[in-house]
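Here's the letter readout for the chains.
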Amino acid sequence: MIQFPNAKINLGLHITEKRKDGFHEIETCLFPIPLCDALEMIPAPKTTFKNTGLQVPGNEKQNLIFKALKLLRKDFNDLPHVSMHLHKAIPMGAGLGGGSSDAAFALKIMNMLFNLHLEDWFLEDYAAELGSDCPFFIQNKPQLAKGRGEILEEVEVNLKGRWLVLVQPKIHISTQEAYAGIIPKSPAHPLKEILMDPKSWKEKLVNNFEESIFKKHPQIGAIKENLYQQGAFYAAMSGSGSTVFGLFDQEPSISNWPEDYFTYKNQL
Ligand SMILES: C[C@@](CO)(OP(=O)(O)O)[C@H](O)COP(=O)(O)OP(=O)(O)OC[C@H]1O[C@@H](n2ccc(N)nc2=O)[C@H](O)[C@@H]1O
Ligand SMILES: Nc1ncnc2c1ncn2[C@@H]1O[C@H](COP(=O)(O)OP(=O)(O)O)[C@@H](O)[C@H]1O
């Protein structure tokens, strides 16, 4: 069975509290976008893993897909062997949630492949063990994420027909380090209300990671400026970066970025 784990962007991200368990309380809208990896899982005599496209760092046992398999095997110890092939296209350490998406799709594929009949809420519990962003990809629709990111509520955000541009400089940001540089604060406006009116986003929708990350990497802040100059009605860094996204009413050009930047454009 083959599936296409997609990336996400964050529409607003408030970091409101540091918790005792090392995580932070957040509020963000996780929004699925069409940039995808490809993941194939087939029952086989032996469990194997192949990675083509972008190379995921570390050995295969450290890959979140392998961890998803291991997690299910704890409860379903007679799970058959699988041959896995991940074609990686979503940049990593980029705030696009690619690893979390791969892991969530691995859980969904195995649920179907092996007729486990697990409901979404059950899969979301497994996903939460693999990463804070991971449960969102089970239902994979615009959702407000609270807690450490695993408490989900469906939210109406209409961006149909708008153009999405992603620009990622070759900077890898560790999520853990990004959180370590944050002083939590209360949001100025409730996120749910702002989300209903995309025209107010430029003024009101904020990502609390931007201040510290832009200070450390001014070229990321410069991308945001540039997207606004090109006519975006909204531009922001996604999650902990380093990707910056722009949303446009009309199709923009993406030809003027440095050659070593990752760029992507699609209509939503
Ligand atoms: C920042 C966000 C925004 O959507 O995404 P990315 O930019 O990574 O894509 C997420 O909160 C990332 O979620 P995810 O990437 O799944 O993080 P995890 O693997 O669970 O945690 C990695 C590390 O980040 C920190 N962490 C994560 C989530 C959270 N609410 N508070 C934290 O402090 C912890 O130090 C943790 O050890
Ligand atoms: N299947 C996978 N795809 C991407 N990254 C993975 C995967 N498995 C493990 N990782 C690890 O997770 C890290 C974060 O990846 P990713 O989720 O894509 O970025 P981000 O947290 O910025 O959204 C990678 O740098 C990599 O070390």
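Residues numbered from 1 in each chain as written. Chains lettered and ligands numbered in written order. Predicted model: local features only at pLDDT ≥ 70, side-chain atom pairs only at ≥ 80, totals over all residues.

Caption draft 1: Focus on the overall build of the protein chain. Across its full length, the protein chain holds nine helices and twelve strands. Computed over its C-alpha atoms, the radius of gyration of the protein chain comes to 18 Å, within 12% of the 18 Å expected for a compact globule of 268 residues. For the C-alpha atoms alone, the extent of the protein chain along its principal axes is close to 55 × 40 × 35 Å. A total of 268 residues make up the protein chain; the buried ones form 39% of that total. (Helix = DSSP H or I, 4+ residues; strand = E, 2+ residues; numbered from the N terminus. Rg over C-alpha atoms; globule rule 2.2 N^0.38 Å. Buried ≥ 20, exposed ≤ 12 C-beta atoms within 10 Å, placed from the backbone.)

Caption draft 2: Structural context of the site of ligand 2. What surrounds ligand 2 is a group of 19 residues, the closest being Leu64, Met92, Gly98, Gly99 and Asp102. Contributing elements (two or more residues each) for the shell around ligand 2: helix H1 (64-75) and helix H2 (98-113). Considering every element that reaches the shell around ligand 2, the biggest residue donor is H2, with four residues. Across the shell around ligand 2, the residue classes tally to eight nonpolar, ten polar and one charged. (Near = placed C-beta within 6 Å. Nonpolar A, V, L, I, M, F, W, Y, C, P; charged D, E, K, R; others polar.)

Caption draft 3: Structural detail: the packing of H1 against helix H3 (residues 120-130). Here H1 crosses H3 at 130 degrees, and the two axes come no closer than 10 Å. In terms of orientation, H1 lies oblique with respect to H3. Taken as a pair, H1 and H3 cross one another with a handedness that is right-handed. The segment H1 lies against H3, with Leu64, Lys67, Ala68, Leu71 and Leu72 engaging Tyr126, Glu129 and Leu130. (Axes fitted to C-alpha atoms, helices over the stretch in contact; angles between N-to-C directions. Parallel < 35°, antiparallel > 145°, perpendicular 65-115°, else oblique. Left-handed = near helix turned anticlockwise from the far one by under 90°. Contact = placed C-beta atoms within 7 Å.)

Caption draft 4: Geometry of the environment of glutamate 210. Positionally, glutamate 210 belongs in helix H8 (residues 210-216). Glutamate 210 gets classed as partly exposed once you count the C-beta atoms within 10 Å, which come to 17. For the pair formed by glutamate 210 and lysine 224, sequence separation is 14 residues and the distance between their alpha carbons is 10 Å.

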